[in-house]
Amino acid sequence: MKVVIMGCGRVGSALAGRLSEEGHEVTVLDTRADAFRRLPVDFKGKKHIGNGIDQDVLARVGIGDADAFIAVTQGDNRNVFSTQVAKHIFGVPRTLCRIYDPIREKMYEEMGLETISPTIVGANLLHDLLIGKSEPGGGEA
Amino acid sequence: MYVIIIGGGKVGYYLAKELLGDPLHEVLIIEQDSAKCERIAEELGDIVLRGDGCEAATADLAGFGRADMVIAVTGDDEDNLVTCQLAKTKFNVPRTIARINNPKNQEIFKRLGIDTTISATVAILAQIEQELPTHQMIPLLALAGGLELVGVKIPPQARTVGKAIKDLLLPHESLVVLIISRDGVPRVPSSETVISAEDEILAVARRENEDTLRQVLTSA
């Protein structure tokens, strides 16, 4: 699978390393060259410096024939913007978007984006570790 | 009219100031930076809310629900997009306007449902292109449904010179709406109107047909 990952922070670099190791064709995009130091030393994918909110940059890194696009920069809005460009302008078959703000995440999920809010996921995991699994808001005091 | 402006920089500030000149308008600026908020409050009065205009809670507090218009003029295209999408989808704001920096984002915003985009870059480009004979067609205004109002100057050697509008092979869904002749007189054309050299033509066309329209009207 050909995957473009925007944002080479902790999550982006770990994901890129793992997918690359599994044999996928990975391209990582970040605005800062020093972000790539987080990638594993044996990373076989491509690294590009550039801003993914510019559609010319996305085109240059080959988003046109990518099977998947994943936006994991620190900025919710940047992620939302480029995911919509990938999905609606370039027609990438699978797009995933990280949005920290749970309300914003819900809104874009309702608008048809495949989204994930690490805020909610993290809180739920910690909750389950502490209390045990239960439905959110299920009356467990 | 209740107008909410997101971004209290220079564009937002002067926009608010102009709008406040009309007593019919109620204006609110949303700005994150406290120093900017203070300056606006000092100079324009109590019309500023400190907060993030991309956040639903702020939008709720600001009264997006009763806003007639939301105008996003921060310096970041992606923030302006999110604010306008929030206004449209969550609060059903009738009209949203976004400032954009990258001209290519105009198309993206349109596809994502934002009514109007304003780009200083595009405006300046249009001014420059007006001076260049090679670019004979200038996009003037983006209209609804992927249509655009364009201006074309007919070069003297163009094949269209001397032809009636009905004899032109205009692309699908294109319309010549106004002709300004060399002497500066505007005319609403009929199908019999004949094109002259140096005519300024205002036409409405689908964006994807712009190149074809330009060729039909200007090629020698």
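This structure is a prediction, so every number in the text was calculated from the model and none was measured.

**Q** Could you give an account of the overall build of chain B, naming the residues involved and the relevant values?
**A** In terms of helices and strands, chain B carries seven helices and eleven strands. Taken along its principal axes, the extent of the C-alpha atoms in chain B is 60 × 30 × 30 Å. Here chain B holds 220 residues, and 32% of them are scored as buried. Intrachain contacts of chain B at a sequence separation of at least 6 include 57% that bridge at least 24 residues.

**Q** A description of the nonpolar core should follow, citing residues and the corresponding values.
**A** A:V4, A:I5, B:I4, B:I5 and B:V70 are the most contacted members of the largest nonpolar core, which has 61 residues in total. Broken down by element, the residue count for this core peaks at five residues, all from helix 4 (residues 77-91) of chain B. Setting aside chain neighbours within four positions, we find A:V4 in contact with A:T27, A:L29, A:V61, A:I63, A:A66 and A:F69. Membership of the second largest hydrophobic core comes to 13 residues, among which are B:V152, B:I154, B:A158 and B:I201.

**Q** Go over the interface of chain A and chain B with me, naming the residues and quoting the values.
**A** Listed by partner, the interface residues are 16 residues for chain A and 16 residues for chain B. For the side of chain A that touches chain B, the per-class residue count stands at eight nonpolar, four polar and four charged.

**Q** Residues and numbers for the sheet that holds strand 2 (residues 25-30) of chain A, please.
**A** Residues and elements named next belong to chain A. Read across the open sheet, the six strands follow the order 3-2-1-4-5-6; overall the sheet is parallel. Both outer strands of the open sheet, strand 3 (46-49) and strand 6 (114-116), are each paired with one neighbouring strand and no more. Adjacent strand axes in the sheet meet at a mean angle of 15 degrees, parallel and antiparallel pairs treated alike. Across four bridges, the pairing between strand 2 and strand 3 is parallel. Bridging across to strand 3, L29 finds its partner in H48. Contacting strand 1 (2-6), strand 4 (68-71) and strand 5 (94-98), helix 3 (residues 76-89) runs over the sheet at an angle of about 175 degrees to strand 5.

**Q** Just give me the short version of unusual backbone geometry, but keep the residues and values in it.
**A** One can expect most non-glycine residues to show negative phi and most peptide bonds to be in trans. Residue and element names in this part refer to chain B. Despite not being glycine, N92 shows a phi value in the positive range, around 50 degrees. Following the sequence through the fold, N92 ends up in the loop between helix 4 and strand 5 (95-99). Of note, E198 is a non-glycine position whose phi angle comes to about 75 degrees, a positive value. Tracing the backbone through its elements, the reader meets E198 in the loop between strand 10 (186-187) and strand 11 (200-206). Here E198 falls in the partly exposed class, since 14 other C-beta atoms lie within 10 Å of it.

**Q** Residue-level account of the packing of helix 3 of chain A against helix 4 of chain B, with values.
**A** At a minimum axis separation of 8 Å, helix 3 of chain A and helix 4 of chain B run at an interaxial angle of 80 degrees. The orientation of helix 3 of chain A relative to helix 4 of chain B falls into the category roughly perpendicular. Along its contact with helix 3 of chain A, which presents A:N77, A:R78, A:V80 and A:F81, the element helix 4 of chain B presents B:E78, B:D79, B:L81 and B:V82. Of the residues contributing to the contact of helix 3 of chain A with helix 4 of chain B, the split by class is four nonpolar, one polar and three charged.

**Q** Give a description of the environment of A:G50 that names residues and reports values.
**A** Residues and elements named next belong to chain A. With respect to the helices and strands, the residue G50 is situated in the loop between strand 3 and helix 2 (55-60). Overall, G50 belongs to the partly exposed group, with 15 C-beta atoms counted inside 10 Å. Along the backbone, G50 and R60 are ten residues apart, and their C-alpha atoms lie at a distance of 9.6 Å. Apart from the residues lying within four places of it in its own chain, the contact partners of G50 are L29, T31 and V57.

**Q** Any details on the sheet that holds strand 1 (residues 2-6) of chain B? Residues and values, ideally.
**A** Residue and element names in this part refer to chain B. As summarised here, the arrangement of the six strands in space is 3-2-1-4-5-6, forming an open sheet in which the pairing is parallel. What marks the edges here is a single partner per strand, and that holds for strand 3 (48-50) and strand 6 (116-118). Averaged over all adjacent pairs, the angle separating strand axes in this sheet is 20 degrees, with direction ignored. In this structure, strand 1 lies alongside strand 2 (residues 26-31), joined through five bridges in parallel fashion. Paired with Y2 across the strands is E26, a residue of strand 2. Helix-sheet contacts for helix 2 (residues 34-44) involve strand 2 and strand 3, and the interaxial angle to strand 3 is about 165 degrees. Set on the sheet, helix 4 makes contact with strand 1, strand 4 (69-72) and strand 5; between it and strand 5 the angle comes to about 175 degrees.

**Q** Report on helix 4 (residues 102-110) of chain A, specifying residues and quantitative values.
**A** Considered for burial, the residues of helix 4 of chain A that qualify are A:R104, A:E105, A:M107 and A:Y108. For helix 4 of chain A, the angular spread of the buried residues around the axis is 165 degrees, confining them to a single face. Considering only its buried residues, helix 4 of chain A is in contact with helix 3, strand 5 and strand 6 of chain A together with helix 4 of chain B. Taken from the residues just after helix 4 of chain A, A:G112 is the one with a positive phi, measuring 100 degrees.

**Q** So what's going on with the confidence of the model for chain B? Which residues, and what values?
**A** Detailed conclusions should not be drawn from predicted coordinates in areas where pLDDT is low. On average, residues of chain B score 90 in pLDDT, and 97% of them are at 70 or above. Interface scoring of the predicted complex returns ipTM 0.84; its pTM is 0.73.

**Q** Please give an account of helix 3 of chain A that cites residues and values.
**A** All names here are of chain A. Taking 1.5 Å of rise per residue, the 14 residues of helix 3 would be expected to cover 20 Å, and the 19 Å separating its terminal C-alpha atoms lies within 8% of that figure. Across the 14 residues that make up helix 3, a large majority, eleven, are buried. Every buried residue belonging to helix 3 is among D76, N77, R78, N79, V80, F81, S82, T83, Q84, V85 and A86, and all of these are buried. Two residues or fewer after helix 3 comes G91, characterised by a positive phi angle close to 65 degrees.

Here is what the cut-offs are and how they apply
Sequence order as written defines residue numbering, which begins from 1 separately in each chain. Written order determines the labels here, with chains lettered from A and ligands numbered from 1. Reporting in this predicted model follows two pLDDT cut-offs: at least 70 for local features of residues, and 80 or more for side-chain atom pairs to be given and counted; totals over whole chains, interfaces and linings ignore these cut-offs and use all residues. In DSSP terms, a helix is any run of H or I states spanning at least four residues, a strand is any run of E spanning at least two, and both are numbered starting from the N terminus. Around each residue's C-beta, the other C-beta atoms within 10 Å are counted; 20 or more make the residue buried, 12 or fewer make it exposed, and counts in between make it partly exposed. All C-beta atoms are placed from the backbone. The contact criterion used is a C-beta to C-beta distance within 7 Å, with each C-beta placed from the backbone. Definition of nonpolar core: a set of buried Ala, Val, Leu, Ile, Met, Phe, Trp, Tyr and Cys residues joined via C-beta atoms within 7 Å. Ten residues, namely Ala, Val, Leu, Ile, Met, Phe, Trp, Tyr, Cys and Pro, are considered nonpolar, four, namely Asp, Glu, Lys and Arg, are considered charged, and the remaining ones, Gly among them, are considered polar. Should DSSP find at least two bridges between two strands, the strands are taken to pair. Only the contacting stretch of a helix is used when fitting its axis, a line to C-alpha atoms as for every element, and angles between N-to-C directions run 0 to 180 degrees. Note on terminology: angles under 35 degrees are roughly parallel, angles over 145 are roughly antiparallel, angles of 65 to 115 are roughly perpendicular, and the others are oblique. Our arc is simply the arc of the directions from the helix axis toward the C-beta atoms. The predictor attaches a confidence to each residue, and that confidence, scored 0 to 100, is pLDDT. In this analysis, the expected span of each helix is defined as 1.5 Å times one less than the number of residues it contains.

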